[in-house]
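An overview of the molecular structure
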Amino acid sequence: MRLSTLTVGGGLLAASLALLPVAQADPARQLAETLTVNGQSMPVERVRETPLEGFYEVTLESGETFYSNAEGSHFLVGDLYENAEHGLVNLTEQGRNAERSARLAAVPESERVIYRGTGESRAELVVFTDTTCPYCRQLHEEVPRLNEMGIEVHYLAFPRSGLGSPGGRQLQQVWCADNPTEAMSAAKREEALTGAADCDNPVEEQYHLGMQLGVQGTPAIVLPDGRLVPGYVPAERLAAMLGLSEG
C-alpha cells in the first residue's frame, strides 16, 4: 500500500488505524512492527525519532517518508524544517541525502559505466542517465571537461519511458557491451547499437533504485553528499557545487 492513498492535500492527516496489542516497548520499534491502515500492515522500512516530541519519521519500502505519532493515529505528510540560527534547515531532505549516499555507495563499480580522467581523482558524480534523453547527451559532452578537472562520472541506468521502451533496451545493450563506455558514448551520439540486450545486467535494478531515491527524470545528478540535482548542469557549475576550482 502506498502512502499516496492516504494523502489528501498534505498537512495533518487523521487516519483510522488498527494497532495490534503489544507489550510496552521502544515506541519507534513498536510503531514499525504494528502500523496498519484499514487493517493492512504498512510496508515499513524504518522508523526514527525526530526533534518533534512524540512524532517519528516513518520510511516505507517504496522510499516514501512521512511522520507519525507513537500510536499511529495521526500522520504529518511533508518536509520537516528546523528554524535554525542561520535560517531554515530541511531535516527531511538531509535524511534523504544521507539515504541516497548510502544506497549508491552499495552499488559496485562493476555495475556502473564509469568515465575517469588520467589525473588525480578529486570527486565523483553519480548520474542516472537515459541514452535517448537530449539533456543527457548534452551533459555527456561535458564529461571530458569534468574528467580534466578530476571529476569522475559514474552512470547508472534510468530509462525514463520505462524498462520496455527503446531507451530501456538501448541501456541494456550498453551494459551488455564488451566496452560499456564506448557503447554509452556511441548511443549518446545517436549511433545505432547492434549488440545484445539479454545479458545479466543491472538496468532494471538501477531503474527501481532511482525511483526509490527520488529520481523523476534524466539526467539526475547525485553529488557525493547525496544531494540530488535534476537536469543538465554545465561542468564549471558542477565543479563549483563540489567546491572545486576549474583547474
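Heads up: the structure comes first, above all this text.
Overview of the structure. Just so you know, these numbers come straight off a predicted model, no measurement behind them.

With that settled, the discussion passes to the sheet that holds strand β11 (residues 123-129). If you trace the 5 strands from one edge of the open sheet to the other, you get β10-β12-β11-β13-β14, paired in mixed fashion. Taken across any chain shown, the strands that pair with only one partner, and hence form the sheet edges, are β10 (113-115) and β14 (228-230). Averaged over all neighbouring strand pairs, the angle between strand axes comes to 25°, with direction disregarded. In the sheet, strand β13 (residues 220-222) pairs with β14 via 3 bridges, with the strands oriented antiparallel.

Right, let's get into the pairing of strand β7 (residues 74-77). Two elements, strand β6 (residues 65-69) and β7, share 2 bridges in a ladder whose sense is antiparallel. From the neighbouring strand, Ser68 faces β7, where its bridge partner is Phe75. Connecting the antiparallel pair β6 and β7 is a turn made up of 4 residues, with Gly72 showing a positive phi of about 75°.

This part covers the environment of Arg227. Assignment of secondary structure puts Arg227 in the loop between β13 and β14. Assessed through its relative accessible area of 34%, Arg227 is described here as partly exposed. For the pair Arg227 and Glu99, spaced 128 residues apart in sequence, the C-alpha separation works out to 10.0 Å. For Arg227, the contacting residues outside a window of four places in its chain are Asn97, Arg100, Ile221, Val222 and Met241. Only 2.8 Å separates the side chain of Arg227 from the side chain of Asp225, close enough to count as a polar contact.

The rules we used
- Residues numbered from 1 in each chain as written.
- Predicted model: local features only at pLDDT ≥ 70, side-chain atom pairs only at ≥ 80, totals over all residues.
- Heavy atoms only, no water.
- Pairing = 2+ DSSP bridges.
- Helix = DSSP H or I, 4+ residues; strand = E, 2+ residues; numbered from the N terminus.
- Axes fitted to C-alpha atoms, helices over the stretch in contact; angles between N-to-C directions.
- Buried < 20%, exposed > 50% of the residue type's maximum accessible area, 1.4 Å probe, protein only.
- Contact = heavy atoms within 4.5 Å.
- Polar contact = N/O pair within 3.5 Å; in protein donor to acceptor, adjacent residues only side chain to side chain.

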